[in-house]
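Now for the letters of each chain:
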Amino acid sequence: MRNTFAKTFLEAAQKDARLCVVVADISPAGAMDQFRKEFPERFINTGVAEQIMIGMCAGMSMRGLKPFAYTIATFALYRPFEFIRDDLCYQDLPVTVVGIGGGVTYSTLGSTHHAMEDVAIASAIPNMRVIAPCDPEETRAATNWCIGQEEGPVYLRLGKAGEPLITGNATSPFEFGKLRYLREGRDACVLGYGPILKMGMDAANALEDRGISVAVASVHTLKPLDREGIADLLGRFSRIVVIEEMVPQGGLGDAVKVIAWDGGLSCTIKCLSLKHEFIHSYGSHGELLAVHGLESRAIERALDVA
Amino acid sequence: MQYRRRILDISQKVSALHAAPAFSCVEMTDVIYRGLMRPAEDGKGFSDVFLMSKGHGCMTQYVILEALGILPSEELDRYCTPQGILGAHPDRGNPGIEASTGSLGHGMGIATGMAHAEKILRSGKRIFAVLSDGELQEGSSWEGAMMAANLRLENLLVFVDLNDFGGLERMSESHAAFYPVQEKFESFAWESAVVNGHDCAAMHQAVAARRGGRPYALLCKTVKGRGVAFMEHVPIWHYRSPNKEEYATAIRDLREVSA
């Protein structure tokens, strides 16, 4: 996802001289390094100084440029939070804040590097939009949307590198603010966002072998949320599992239940998320998610209820 | 002196005004607007950019923008009312207001971004910002100062209102390690000068004597509440509006000062 973002950004930046990147001491790998070499003035490294990363983006945007702030998600959003709120959101500036390693992607680095609450926090600020693509292809489309928009701030939550493609059979192309199905199904539906949708796909495949047909939906735009699309989904399936690599509060799970309640719907909704805990455990991304209770077997169990 | 009189008149309509921190930066802000900012080619407003980083000083900016014909007088008459557009901190989008400030320590970063943008755009535009001494206690101000020097933003000129008071107390007594200020800017590779912030000619001369090539800090020694004797150096006037009797005394004081 990281590399796809950089490649997509470089291609656009070669045509649009207003595009800039402001990073806070994060290594410019791959295409981002190429961008830096081609456009040294438009690649700014503030050093370990995230408040100024956001403040500079605000000032550059006010003078007509299109800056992207880019660093590890916790440092992109939490450290300079009030700058994001006051400089970007209060003034409704078209700046994209890119958070790398959303959720517990950096699984060996401890909770200082885990963006476990980012979607809830970013969504709480007026004017902020929140997008969390699930694979490189969706990242490309989401990045292009961020590049093309001039309306206001966006938090773009990405994973790291090496995420598999899971949108190859999606029923529709990426459209900002609209969920889309990555696979169709009849009996139940998994919906979520970000790279852990791969887990939903794995669970759906496993259940298909047992004769249970499961759809998977990518709710890549968390804000504004596709309330109509979710209401439609809840009306079509009696069993719903929401998966999200985020704390249980303030995310998609809560929102889906509110939509179901508001619509008077009687489907069964189970929510699987990160625990609301700082977990002192280390390992691969998958291993840490499993400690949080997020694994494809857990999704299968949640779906396979009578 | 007309600016302070106008601010005092408006003070009778609201309970919270920030009169004293507005009075300390009257001359600094006036020098920037009337002496240093270059007019726009179309004659409307300026080609250079002004940022009131110490948002609580915006009454001064408002009355100067009013005198320049940029901000309508009716809006100042509707200050802090539901019918108006002006609040006690600047709001981006209002006439002459480039950024919404009020939370301290944001202006240096925004101004640095603006100055770098104008450099990328090869516009030749300069960014002027008025900062308070109190907001230099925010680490973000120094993040910005370092970065502005790293980027050699010679088109960034910051005027610091050294009135020696935060909202609570005298900084040179409560936070003595904050001083000296000039050495801090110089050590971060800024060019700087120290002047009397109520002496317009001195400020003009200092900026004219600038060597250039680096961001510039004009450190302006000022008096908080300047112009009204009972407000000078008295912390409560950071927040309070004068009552009727105090207003009458203040107006009389102003006359004495101007006489």
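Residues numbered from 1 in each chain as written. Chains lettered and ligands numbered in written order. Predicted model: local features only at pLDDT ≥ 70, side-chain atom pairs only at ≥ 80, totals over all residues.

Participant: Tell me about the overall build of chain A, and please be specific about residues and values.
Facilitator: The helix and strand tally for chain A stands at 12 helices and 12 strands. With the principal axes as the frame, chain A shows a C-alpha extent of 60 × 40 × 35 Å. A total of 306 residues make up chain A; the buried ones form 54% of that total. For chain A, contacts bridging at least 24 residues in sequence account for 75% of all contacts bridging at least 6. (Helix = DSSP H or I, 4+ residues; strand = E, 2+ residues; numbered from the N terminus. Buried ≥ 20, exposed ≤ 12 C-beta atoms within 10 Å, placed from the backbone. Contact = placed C-beta atoms within 7 Å.)

Participant: Can you break down the overall build of chain B residue by residue, with the values?
Facilitator: Summing up its helical and strand segments, chain B has 11 helices and 5 strands in all. For 259 residues, the compact-globule formula gives about 18 Å, and the C-alpha radius of gyration of chain B, at 17 Å, lands near that figure. Its C-alpha atoms put chain B at 50 × 45 × 35 Å along the principal axes. Residues classed as buried in chain B amount to 47% of the 259 residues present. The contacts of chain B with a sequence gap of at least 6 include a subset with a gap of at least 24, amounting to 73%. (Rg over C-alpha atoms; globule rule 2.2 N^0.38 Å.)

Participant: Which residues make up the sheet that holds strand 2 (residues 127-132) of chain B, and what values go with them?
Facilitator: Residue and element names in this part refer to chain B. Ordered by their spatial adjacency, 5 strands build an open sheet running 1-2-3-5-4, and the pairing between neighbours is parallel. If you trace the sheet from one side to the other, it starts and ends with strand 1 (49-52) and strand 4 (191-196), each paired once. When strand polarity is set aside, the average angle formed by the axes of neighbouring strands in this sheet is 20°. Here helix 3 (residues 26-36) sits on the sheet and contacts strand 1, strand 2, strand 3 (156-162) and strand 5 (216-221); the angle it forms with strand 2, its principal contact strand, is near 175°. (Pairing = 2+ DSSP bridges. Axes fitted to C-alpha atoms, helices over the stretch in contact; angles between N-to-C directions.)

Participant: Explain the pairing of strand 3 (residues 66-72) of chain A to me, and be specific about the residues and the numbers.
Facilitator: Residue and element names in this part refer to chain A. With 7 of 7 residues buried, strand 3 lies mostly within the body of the structure. As defined by bridge partners, strand 1 (residues 19-23) adjoins strand 3 across 5 bridges and the pair is classed as parallel. Within strand 3, the residue paired with L19 across the bridge is K66. Examined bridge by bridge, strand 3 and strand 4 (residues 96-100) share 5 bridges and lie parallel to one another.

Participant: How would you explain the pairing of strand 6 (residues 154-157) of chain A if you had to name every residue and give the values?
Facilitator: It is a general feature of regular strands that their side chains alternate between the two faces of the sheet. Residues and elements named next belong to chain A. Residues of strand 6 alternate between two faces, with V154 and L156 on one and Y155 and R157 on the opposite face, all of them buried. The sheet contact formed by strand 4 and strand 6 spans 4 bridges and is parallel. When the bridges of strand 6 are listed, V98 appears paired with L156. Sheet topology places strand 5 (residues 129-131) next to strand 6; 3 bridges connect them, and they run parallel. Across the sheet, R129 pairs through a bridge with V154, a residue of strand 6. Taken together, strand 5, helix 7 (residues 136-148) and strand 6 constitute a β-α-β crossover, and its handedness is right-handed. (Right-handed = clockwise from strand over helix to strand, strands pointing away.)

Participant: Quick one: what's the story with the packing of helix 3 (residues 50-62) of chain A against helix 5 (residues 81-89) of chain A, residue by residue and with numbers?
Facilitator: All names here are of chain A. Where helix 3 meets helix 5, the closest approach of the two axes is 9 Å, and the angle between their N-to-C directions is 5°. Taken together, the axes of helix 3 and helix 5 lie roughly parallel to each other. Within the contact between the two elements, helix 3 uses Q51, I54, G55 and A58 and helix 5 uses F83, I84, D87 and L88. (Parallel < 35°, antiparallel > 145°, perpendicular 65-115°, else oblique.)

Participant: Run through helix 10 (residues 252-262) of chain A, naming residues and quoting values.
Facilitator: Residues and elements named next belong to chain A. Among the residues of helix 10, L252, G253, V256 and I259 are the ones counted as buried. Each buried residue of helix 10 lies within a common arc of 125° when the element is viewed along its axis, so the set occupies one face. Residues of helix 10 that are exposed and point over 90 degrees away from its buried face: W261 and D262. Backbone geometry just after helix 10 places G264 at a positive phi near 65°. (Arc of directions from axis to C-beta.)

Participant: Go over unusual backbone geometry with me, naming the residues and quoting the values.
Facilitator: Here the amide bond leading from K223(A) into P224(A) is cis, since omega sits at 0°, within 30 degrees of zero. Tracing the backbone through its elements, the reader meets P224(A) in the loop between strand 10 (221-223) and helix 9 (227-236). Cis geometry is adopted by the peptide bond preceding P180(B), which originates at Y179(B) and carries an omega value of 0°. Take P180(B): it is sitting in the loop between helix 8 (171-174) and helix 9 (182-187). With a phi angle near 60°, D25(A) is a residue other than glycine that sits in the positive phi range. Considering the arrangement of structural elements, one finds D25(A) in the loop between strand 1 and helix 2 (31-38).

Participant: Residues and numbers for the sheet that holds strand 6 of chain A, please.
Facilitator: Residues and elements named next belong to chain A. If you trace the 7 strands from one edge of the open sheet to the other, you get 2-1-3-4-6-5-10, paired in mixed fashion. Here the strands that pair on one side only, and so sit at the sheet edges, are strand 2 (43-45) and strand 10. The sheet shows a mean angle of 20° between the axes of neighbouring strands, taken without regard to direction.

Participant: Describe helix 4 (residues 58-67) of chain B, listing the residues and the values that go with them.
Facilitator: Because each turn of an α-helix spans 3.6 residues, side chains separated by three or four positions end up pointing in the same direction. In terms of burial, helix 4 of chain B is a largely internal element, 8 of the 10 residues being buried. Listing the buried residues of helix 4 of chain B in full gives C58(B), M59(B), T60(B), Q61(B), Y62(B), V63(B), I64(B) and L65(B).

Participant: Which residues make up the nonpolar core, and what values do they have?
Facilitator: Residues A69(A), V98(A), C189(A), V190(A) and A111(B) are the most contacted members of the largest nonpolar core, which totals 170 residues. Per element, the largest residue contribution to this core is 8 residues, and it comes from helix 3 of chain A. Both domains that meet at this core, namely domain 1 (2-157) and domain 2 (180-303) of chain A, each give it at least three residues. Once residues within four sequence positions are removed from consideration, A111(B) is found in contact with G59(A), L51(B), S53(B), I127(B), A129(B), L156(B) and V158(B). (Core = buried A, V, L, I, M, F, W, Y, C linked by C-beta atoms within 7 Å. Domains from an automatic or database assignment.)

Participant: Provide a residue-level description of the interface of chain B and chain A, including the pertinent values.
Facilitator: Each partner contributes to the interface: chain B provides 21 residues, whereas chain A provides 23 residues. Taken together, the elements giving at least two residues each to the side of chain B that touches chain A come down to helix 6 (107-120) and helix 7 (139-150) of chain B. The element contributing the most residues to the side of chain B that touches chain A is helix 6 of chain B, with 10 residues.

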